[in-house]
Amino acid sequence: MKILKNTLLISSYLLLVALFFFGGYAIGRREINNEGTFPEPTMYAAWSEQEVEERRSPEYEVIIEDGILKIYKCIGENKSVIMSEEISESIFPRQDIKELKDGVRFDRLEAAQQMFENFVS
């Protein structure tokens, strides 16, 4: 009797899992159109292309000003300091200091931090 009860319980769980699987498969297939691709989204972006161009991703600038090495987060014309550290300019090559005075820009913060750490450490 106990074996029959356990077999019935396991069979019902397997049947339930199979039902959910095939039910989800049927619902998913119903949403695909006849060409085999997903339907086009009905909602469109509420902003224009001009606004998208204005929303730039931030750039990061490593620059030395008055003996202080800084990382700026730049979005368009707006700049904000993320990190700063005082360093001695005399121990680094002139070419490197010249590049830093002009500012070195990066797309990713990690790259800017790596350059910052190279000069600080």
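To start, this report covers the structure provided alongside it. (Residues numbered from 1 in each chain as written. Predicted model: local features only at pLDDT ≥ 70, side-chain atom pairs only at ≥ 80, totals over all residues. Heavy atoms only, no water.)

### Notes on the nonpolar core
Alright, step 1. One finds Val62, Leu69, Leu100, Phe106, Ala112, Met115 and Phe119 to be the most contacted residues of the largest nonpolar core, which totals 15 residues.
Alright, step 2. Mapped by element, the contributors of at least two residues to this core are strand 1 (59-65), strand 2 (68-75), helix 3 (94-102), strand 4 (104-106) and helix 4 (109-120).
Alright, step 3. Element by element, the count of residues in this core is highest for helix 4, at four residues.
Alright, step 4. Leave out the neighbours within four places in its chain, and Met115 touches Val62, Leu100, Val104 and Phe106. (Core = buried A, V, L, I, M, F, W, Y, C linked by side-chain atoms within 4.5 Å. Buried < 20%, exposed > 50% of the residue type's maximum accessible area, 1.4 Å probe, protein only. Helix = DSSP H or I, 4+ residues; strand = E, 2+ residues; numbered from the N terminus. Contact = heavy atoms within 4.5 Å.)

### A short note on the environment of Lys73
Alright, step 1. Relative to the helices and strands, Lys73 resides in strand 2.
Alright, step 2. For Lys73, a relative accessible area of 31% corresponds to the partly exposed category.
Alright, step 3. Counting along the chain gives 12 residues from Lys73 to Glu61, while the straight-line C-alpha distance between them is 6.6 Å.
Alright, step 4. Those residues in contact with Lys73 that sit more than four places away from it in its chain are Pro58, Glu59, Tyr60, Asn78, Lys79, Ser80 and Ile82.

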